[in-house]
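# Summary of structural features
Each chain is listed here by its residues.
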Amino acid sequence: MLVANIKQQKKRIKVASRQRLENLRYKTTIKTYFRRLETAIDGGDASLIEGEHKQLQVLVDRAAARRALHPNTASRKKSKAARMVAAGPREAAKPKRARKAATGTRKTAARSGAKKK
């Protein structure tokens, strides 16, 4: 890591570090609000959904205004939240199937370069 030896550059490093942490706070808080919105939607309480959606929109707008998020990213996140609210409660996620053991199948033998008899 390069260490600055000019006083102003040392100050800029400190300021940039502080700004980077602030931007990170916005991004992680937005992810948290998305999870809260999901649980509200699954719960089905309309007033709670509306409140969580409003809080998320305000936070995304604030992050975009401070340039913690690119404006297009902010727009995409707000659109995603609106789609989630419009879609309503999700069905329970189906568990993924376990993969079959790959031993002894023709595909794996062909991929590994083994010759057929």
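This text goes with the structure placed above it.
My aim in this report is to walk through the structure given alongside it, one point at a time. Note that the structure is predicted; figures quoted are calculated from it, not measured.

Attention now goes to the pattern of salt bridges. Considering all chains together, one arrives at 3 salt bridges under this definition. We note a salt bridge from Arg36 to Glu52, for which the minimum N-O separation is 3.2 Å. With Arg36 in helix H1 (residues 7-43) and Glu52 in helix H2 (residues 46-65), the pair connects residues that are 16 residues apart, well separated along the chain.

The subject of this paragraph is the packing of H1 against H2. Running from amino to carboxyl end, H1 crosses H2 at an angle of 165°, the nearest separation of the two axes being 9 Å. On the basis of the axis angle, H1 is roughly antiparallel to H2. The hand of the H1/H2 crossing is left-handed. Across the interface between the two elements, Tyr26, Thr29, Ile30, Tyr33, Phe34, Arg36, Leu37, Ala40 and Ile41 of H1 pack against Leu48, Ile49, Glu52, His53, Gln55, Leu56, Leu59, Val60, Arg62 and Ala63 of H2.

This brings us to H2. With 20 residues, H2 extends 29 Å from end C-alpha to end C-alpha; this agrees with the ideal 28 Å at 1.5 Å per step. Residues of H2 that are buried sit in contact with H1 and helix H3 (71-87). After H2 finishes, the residue Arg67 shows a positive phi value of roughly 65°.

Calculation rules
Residues numbered from 1 in each chain as written. Predicted model: local features only at pLDDT ≥ 70, side-chain atom pairs only at ≥ 80, totals over all residues. Heavy atoms only, no water. Salt bridge = Lys/Arg side-chain N within 4 Å of Asp/Glu carboxyl O. Helix = DSSP H or I, 4+ residues; strand = E, 2+ residues; numbered from the N terminus. Axes fitted to C-alpha atoms, helices over the stretch in contact; angles between N-to-C directions. Parallel < 35°, antiparallel > 145°, perpendicular 65-115°, else oblique. Left-handed = near helix turned anticlockwise from the far one by under 90°. Contact = heavy atoms within 4.5 Å. Expected span 1.5 Å × (residues − 1).

Remember that the coordinates give geometry; whether it matters functionally is a separate question.
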